[in-house]
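# Results of the structural survey
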Amino acid sequence: MEVKVLDITGKDTGRKVELLDSVFGIEPNNHAVYLDVKQYLANQRQGTHKAKERAEISGSTRKIKKQKGTGTARAGSIKSPVFRGGGRIFGPRPRNYSFKLNKSLKRLARKSAFSIMMKESNLIVVEDFNFEAPSTKKFINVLNALGLENKKSLFVLGESNNNVYLSSRNLEKSAVVTNSELSTYAVLNAGSLVLTEGSVAGIVENLSK
C-alpha cells in the first residue's frame, strides 16, 4: 500500500512511500502481541523483592510459654508467622522474571502491531528532518503541525539523531527511537506512530529476515 509523505509542517510533499502488506497489512495475531508485550514488561521488573521468613528473623529462640495448661494453642517460637513481628509465610524472594520467545514470534508480534496501527489510521510517514540544535519548542511545532499536540506519539528515525532525541526528551507524551530500538509495546503504547522516510526501509529489512 502507498502512503503519502508529509513534511514537518504537516503539508503533503507530493511523494508516496510503499509500505509492504507483508509487514504493515497482515491479519494481526493477538496472542503473539500478548506474549511479546508480556515479555517486555517482565524484563522491566528488577525482581529484587525480599521478605524475611521465620528462619531469618532475629530474636530469641526460647520457647515462649509452656507446652500445656495455658488453654491456648501451642507456641514454640516468637518468630512464628502467627505472631506480630514474626516471619512471613512464603514471602517473595529475589527472582528473574524474564522468559524466552522465538525470534519468529517476536517478528510476527511486531508486524501485527504495525498492522493494527495502520488499520486504525494511526500511522504517519514524514520526511527525514533534523534540527541545528536541540529545541523542545521546534519539536512541539512539529507535533502541532501533525495534529499530535495532545496525543501520545512515537517518532521512529532511520538512524540516531541526538538533536531530535534531546528535543523530545522533556515531553511526557512523545518519544523518539530508531528503527532498531522498536518494540511491540512501544508501538502499541503510542497513540500515533510517526515513521520517517529513512526508517521504513530499516523496519522492512528487520522484519523480513
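Per chain, residues are indexed from 1 in the order of the written sequence. Residues qualify for local features only when their pLDDT is at least 70, as the model is predicted, and side-chain atom pairs are given and counted only at 80 or more; totals for whole chains, interfaces and linings, by contrast, use all residues. Excluded from the side-chain calculation are hydrogens and water; included are all heavy atoms of the structure.

For the chain, an unreviewed UniProt entry supplies the name Large ribosomal subunit protein uL4 and the organism Myroides phaeus.

## Looking at the packing of helix α2 (residues 30-43) against helix α3 (residues 103-119)
The description of two helices packed together rests on the angle between their axes and the distance between the axes. This is how it is decided: Geometry is summarised by axes, namely lines fitted to C-alpha atoms with helices restricted to the contacting stretch, and by angles between N-to-C directions that run from 0 to 180 degrees. Secondary structure counts use DSSP, requiring at least four H or I residues in a row for a helix and at least two E residues in a row for a strand, with both numbered from the N terminus. Roughly parallel here means an angle under 35 degrees, roughly antiparallel means over 145, roughly perpendicular means 65 to 115, and every remaining angle is called oblique. The contact definition used throughout considers only heavy atoms, calling two residues in contact when any of these lie within 4.5 Å. Amino acid classes used here: Ala, Val, Leu, Ile, Met, Phe, Trp, Tyr, Cys and Pro are nonpolar; Asp, Glu, Lys and Arg are charged; the rest, including Gly, are polar.
Closest axis-to-axis distance for the α2/α3 pair is 8 Å, and the angle between their directions is 105 degrees. The pairing of α2 with α3 is recorded here as roughly perpendicular in orientation. On α3, the residues touching A32, V33, L35, D36 and Q39 of α2 are L105, K106, L108, A109, R110 and S112. Among the residues making up the contact of α2 with α3, the classes are represented as six nonpolar, two polar and three charged.

## Here we look at the packing of aromatic side chains
Convention followed: Stacked, tilted and edge-to-face are the three classes assigned to paired rings of Phe, Tyr and Trp, where Trp is represented by its six-membered ring and a pair needs centres within 6.5 Å; plane angles under 30 degrees give stacked, over 60 edge-to-face, the rest tilted. We call a residue buried when its accessible area falls under 20% of the maximum for its residue type, exposed when it is over 50%, and partly exposed in between, using a 1.4 Å probe and counting protein chains only. Remark: a charge is flagged as sitting over a ring if the NZ atom of Lys or the CZ atom of Arg is within 6 Å of the ring centre and within 35 degrees of the ring normal.
Scanning the entire structure with this criterion turns up five aromatic pairs. Arranged with centres 5.2 Å apart and planes meeting at 45 degrees, the rings of F24 and F114 form a pair that is tilted. With F24 in helix α1 (residues 21-24) and F114 in helix α3, the pair connects residues that are 90 residues apart, well separated along the chain. Side by side, F24 and F114 carry an identical accessibility label, which is buried. Seen in terms of ring centroids, Y40 and Y185 are 4.8 Å apart; in terms of plane orientation they differ by 15 degrees. Their pairing is stacked. Taken together, the residues Y40 in helix α2 and Y185 in helix α6 (residues 184-189) connect sequence positions 145 residues apart. Residue Y40 is classed as partly exposed on the basis of its relative accessible area, which comes to 31%. Feature note: the residues F129, F131, F139 and F155 constitute an aromatic cluster, connected by ring pairs. Above the plane of the ring of Y97 lies R45, whose end atom (NZ or CZ) is 3.7 Å from the centre.

## Observations regarding the sheet that holds strand β1 (residues 2-6)
Rules: DSSP calls a pair of strands paired once it identifies at least 2 bridges connecting them.
Spatially, the six strands line up as an open sheet ordered β2-β1-β3-β6-β4-β5, and their pairing is mixed. One side of each edge strand has no neighbouring strand; the edge strands of this open sheet are β2 (12-18) and β5 (174-178). Neighbour-to-neighbour, the strand axes of this sheet turn through a mean angle of 30 degrees, independent of strand direction. The pairing of strand β4 (residues 153-157) with strand β6 (residues 192-196) spans four bridges and is parallel. When the bridges of β6 are listed, S153 appears paired with S192. In the packing of helix α4 (residues 136-145) onto the sheet, contacts are made with β4 and β5, and the angle to β4 comes to roughly 110 degrees.

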